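Breakdown of the fold
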Amino acid sequence: MANYQRMTKAELIPALRGLEAQVASLESIAAERDRLSHELSVHQIELEAQNQELREAQRLVEESRDRYADLYDFAPVGYVALDAGGHIQEINLTGASMLGVERSRLIGIPFSLYVARGDAGAFREHLRQSGQSQEPVTGELQVVVKEAQAIRVQMVSLALRDGGGGISRYRITMRDVTAHRRAEQALRESEERFRAIFEQAAVGVSQCVSHTGEYVRVNRKYCEIAGYAREELLTWRFQGITHPDDLEAELNLMQQLMEGKIRTFSMEKRLRRKDGEIVWVNLTVSSMWASGEEPTYHIAIIEDITERRQAIEDTKLRLAELEPVSEISTTLRAARTLGEMLPMLLDLTLEALHAMEGSIWLYDSVEDVLRPAASRGESEKDGTCPHPLKPGEGIVGAAFATGQPHLAGDFRLDQGASEAMCQRIPPGIGGAAIPIRAGEKVIGTFVINVSLPRKLTPSEVHLLTTLSELAGTAIQRIMLREEVERRAAKLEQRVIQRTAELSQREAALEAANAKLTELDRMKSQFVSNVSHELRTPITTIKLYASLLRRGPPERRDQFLDALEQEANRQAHLIEEILQVSRIDSGRLDLHYAPYALNDLAEASVVSREPLAAEKGVTLACKPLKPGPTVSVDRVRTLQVIDNLVENALWYTPTGGQVSVATGTAEADGQIWATLSVTDTGMGIPKDELPRIFERFFRGEKPREMQLPGTGLGLAIVKDIVDLHGWRVTVESQVGGGSTFTVWMPLA
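Keep in mind it's a predicted model, so treat the numbers as computed, not measured.

Time to look at the confidence of the model for the protein. Looking at the protein as a whole, its pLDDT mean stands at 81, while 82% of the residues score no less than 70. Contacts from residues 379–384, a stretch scored under 50 in pLDDT, to residues over four places away or in other chains number 19 contacts.

In structure tokens:
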């Protein structure tokens, strides 16, 4: 302002004008500022609106990305992105799971590391083709996954390019087709097996169109049974080779099959082969249903049963033949004479063959001729003559001479017919002559006549042959029986005369034979037992003799004592054997006298006290006062008591007791004197009790304990008791001792 005051008016006006211009310019700038500020506010509002829209869009994009990320990661196929070098840039969870590796560990890894070694070249070729194509390229290869397992994947690859046309990455989808390929392989193998089974089946198999019956497929066996080549059958329908008589039944069943009333059926039918032969087959048909509506095709299986049907027919025929055979066989067995049997046989045969005339001829070996034994029908109508025939004469003689059936269509025209036969036989008569055999021998001829034009069938000839064989056997049986009866009548008297003589001789021989048998048994038993019992003592004696010769002098007395003991045992055995021999030969004499049984018992106890002391066993006598008197042989009775006492001492252990008691007891209605020897020894098992009185028998326990004994002591006791007419009984319990009781009549 101060500057403006010092300025002159002339200087101030231009300055003021300049200031006005500046003010105007500032106003213009302010207006522009206001305009720009307004526009900026408008743009700010627009930007705010756009930002709001962008934020909403971003939210929607993020929601969409989340949704599609799930779809991407959990897609049923694997998605993988490879760079141009084949390294994994991106892979979804399905793909990582398919490879069996965490997704984070796969990024940057060459995909070729997971390709099976054998498919590495195929993978490179697959990428090369993808790089050259504008369209997705499909291929299959094996991928190695966790635990060195391999799966087969189908890959669809698309190459993506950059702005310069070069490959920037590969987009690949992977699908695990392992199970699918295995199923395809299994299906192929199944089809191959089906074709092999179908073609090589042991039965005929065909596939036909159900509505038309046209063959679609047939196997080798079906062609073989039907008699057509495969190419020929495929131009036929099953109706064309089915026998007309069986076609209607099969078509009815096929109609039920197509209507769904049945799913399968079986039947027997006939097929007409190409060569005209008829074969029987067992047919089984099953439907093949399409879309669950109605059967389109059906499978037919045939089995050739021609032989079986023929066998059934033959069996029926044989059964029909066997009925008359059985009836006739029963009749033949019931007949007693030829005069009774042959007419019945001829009647039954004619009835079975529906014939009216026939005859049976038998050979007479004395005059060498065939004679009629039975006939039915008018005389000479059977092609024979009423008089005997020589072998070879006429059909009767021809069948007999050759041993073969002779069949004639017309007897008058037969080459075996004689002039006399032709004169006697009316025209129109035929039949058969069958030889009658008894084993290998021909004994006659069976003739059956029929009126022409009827002829005997092979089956009837077979039946006639069978009946002829039955007749031969029956005739021979009756002839043999009649011969036997004749001879029996002649011999009967002689038999009666000789019976008395033979009976006397037989009785004498039986007595002598029984005595010889008993003597032989006794000799064999004696030799066997003595050989067994002598062997052991002799061996022992030889052993001690050898020891005496080579042993030390200071032990000679011991060896001599052993030898003396074995010699005494041998002498005792020999004495017992001699006594047994005397008993068996009846040379043991008994001298009876009355004795006090107490004295005998005490004498035996005194004689065996040294043995009791040696064994450490208490031996006591317990006589009944007053004691009974018996009439006995003193020496043999003492031997019985001694043997029982000694036996008890040997089988009673140290510290045990043996007692000898006398007494009386009642049994069998009388009073007996009794002598009992009781011990506290080992006892006798029940199964051995029945054998203790057998010669040389020794129980199992004494043998195991190697107790001395010959096995003859109790046997001698039993023999002496039996010689006196006494009884001896025993009561024993294992571990509880034994009691032997001798029962003697009172004097």
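Next up on the list: empty space enclosed by the protein. Enumeration over the complete set of coordinates arrives at three cavities of 30 Å³ or more. By volume, the second largest cavity is sized at about 50 Å³. Around the second largest cavity, the lining residues are Ser 206, Cys 208, Tyr 215, Tyr 222, Phe 238, Glu 250, Lys 269, Leu 283, Val 285, His 298 and Ala 300. Of all the secondary-structure elements, those providing two or more residues to the lining of the second largest cavity are strand E6 (204–209), strand E9 (278–290) and strand E10 (294–304). Of the residues belonging to the lining of the second largest cavity, the class tally is seven nonpolar, two polar and two charged.

Alignment of strand E1 (residues 78–83) against strand E5 (residues 167–176), held across six bridges, turns out to be antiparallel. Across the sheet, residue Ala 81 finds its bridge partner in E5, namely Arg 171. Bridge analysis of E1 against strand E2 (residues 88–91) gives three bridges, and the strand direction is antiparallel. Within the sheet, the bridge partner assigned to Val 80 lies in E2 and is Ile 91. Where E1 hands over to E2, the hairpin turn is made up of four residues, of which Gly 86 adopts a positive phi near 90 degrees.

Strand order in the open sheet formed by five strands is E17-E19-E20-E22-E21, and the pairing between neighbours is mixed. Edge positions in the open sheet fall to strand E17 (618–622) and strand E21 (727–733), since each of these has one partner strand only. In this sheet, neighbouring strand axes are inclined to one another by 20 degrees on average, regardless of whether the strands run parallel or antiparallel. Where E17 meets strand E19 (residues 657–667), five bridges bridge the pair, whose relative direction is parallel. Considered in E19, the bridge of Lys 622 is made with Ala 661. Strand contacts of helix H19 (residues 634–650): E17, E19, strand E20 (670–679) and strand E22 (737–745), with the helix running at about 30 degrees to E20, the strand carrying the most contacts.

Relative to the helices and strands, Ser 206 is located in strand E6. On the basis of relative accessibility, which here comes to 0%, the residue Ser 206 falls in the buried class. Setting aside chain neighbours within four positions, we find Ser 206 in contact with Phe 198, Tyr 215, Arg 217, Val 218, Tyr 222, His 298, Ile 299 and Ala 300.

Residues Leu 644, Leu 675, Val 677, Val 742 and Met 744 are the most contacted members of the largest nonpolar core, which totals 38 residues. If you list the elements that add at least two residues to this core, you get helix H17 (597–607), helix H18 (609–615), strand E18 (629–633), H19, E19, E20, helix H21 (713–724) and E22. Sort the elements by how many residues they give to this core and H19 lands first, with seven residues. The residues contacting Leu 644, other than those within four sequence positions of it, are Val 677, Leu 714, Val 717, Phe 740 and Val 742. In terms of nonpolar packing, the next biggest core, distinct from the first, is built from 32 residues, Ala 432, Ile 448, Leu 456 and Ala 474 among them.

It is worth spelling out the layout of surface pockets at this point. Quantified by volume, the second largest pocket comes out at close to 270 Å³. Tyr 363, Ser 365, Lys 441, Ile 443 and Met 479 are, among the 13 residues lining the second largest pocket, the residues nearest its centre. Within the lining of the second largest pocket, the residues separate by chemical class into nine nonpolar, two polar and two charged.

All chains considered together, the criterion is met by 23 salt bridges. Salt-bridge contacts for Asp 347 lead to Arg 376; the nearest nitrogen and oxygen are separated by 2.7 Å. Taken together, the residues Asp 347 in helix H12 (residues 338–353) and Arg 376 in strand E12 (residues 369–376) connect sequence positions 29 residues apart. When its relative accessible area of 32% is taken as the criterion, Arg 376 is described as partly exposed. Linking Glu 646 and Arg 608 is a salt bridge whose minimum nitrogen-to-oxygen distance equals 3.6 Å. With a gap of 38 residues between them, Glu 646 in helix H19 and Arg 608 in the loop between H17 and H18 connect regions that are remote in the sequence. On the accessibility criterion, Glu 646 (23% relative accessible area) is partly exposed.

In this section: unusual backbone geometry. For the peptide bond that leads from Lys 625 to Pro 626, omega is -15 degrees, which places it in the cis range. Relative to the assigned elements, Pro 626 resides in the loop between E17 and E18. Phi is positive for Asp 668, which is not a glycine, with a value near 55 degrees. Positionally, Asp 668 belongs in the loop between E19 and E20. With relative accessibility at 64%, the residue Asp 668 sits in the exposed group.

Definitions and cut-offs
- Every chain is numbered on its own, with residues counted from 1 as its sequence reads.
- Totals for whole chains, interfaces and linings use every residue, but because this is a predicted model, local features are given only for residues with pLDDT of at least 70 and side-chain atom pairs only at 80 or more, for both listing and counting.
- Only hydrogens and water are set aside; all other atoms, that is, all heavy atoms of the structure, feed into the side-chain values.
- A score from 0 to 100, pLDDT tells how confident the predictor is in each residue.
- By definition, residues are in contact when any of their heavy atoms lie within 4.5 Å.
- Buried and open spaces are told apart on a 1 Å grid over the protein atoms alone, a cavity being a set of points where a 1.4 Å probe fits but cannot get out and a pocket being an open set with protein on both sides within 12 Å along at least five of seven lines. Residues with an atom within 4 Å of a point are the lining residues.
- Grid points are joined across faces, edges and corners, and a volume is the space filled by probe spheres set on the points.
- Helical segments are the DSSP runs of H or I of at least four residues, strand segments are the runs of E of at least two, and each set is numbered from the N terminus.
- We call Asp, Glu, Lys and Arg charged. Ala, Val, Leu, Ile, Met, Phe, Trp, Tyr, Cys and Pro are nonpolar, and the rest, Gly among them, are polar.
- DSSP calls a pair of strands paired once it identifies at least 2 bridges connecting them.
- Simply put, an axis is a line fit to the C-alpha atoms, just over the touching stretch for a helix, and the angle between two N-to-C directions goes from 0 to 180 degrees.
- Only protein chains enter the calculation, and the probe is 1.4 Å; a residue is then buried if its accessible area is under 20% of its type maximum, exposed if over 50%, and partly exposed in between.
- In plain words, nonpolar cores are sets of buried Ala, Val, Leu, Ile, Met, Phe, Trp, Tyr and Cys residues tied together by side-chain atoms within 4.5 Å.
- Salt bridges are defined by distance alone: a side-chain nitrogen of Lys or Arg within 4 Å of a carboxyl oxygen of Asp or Glu.

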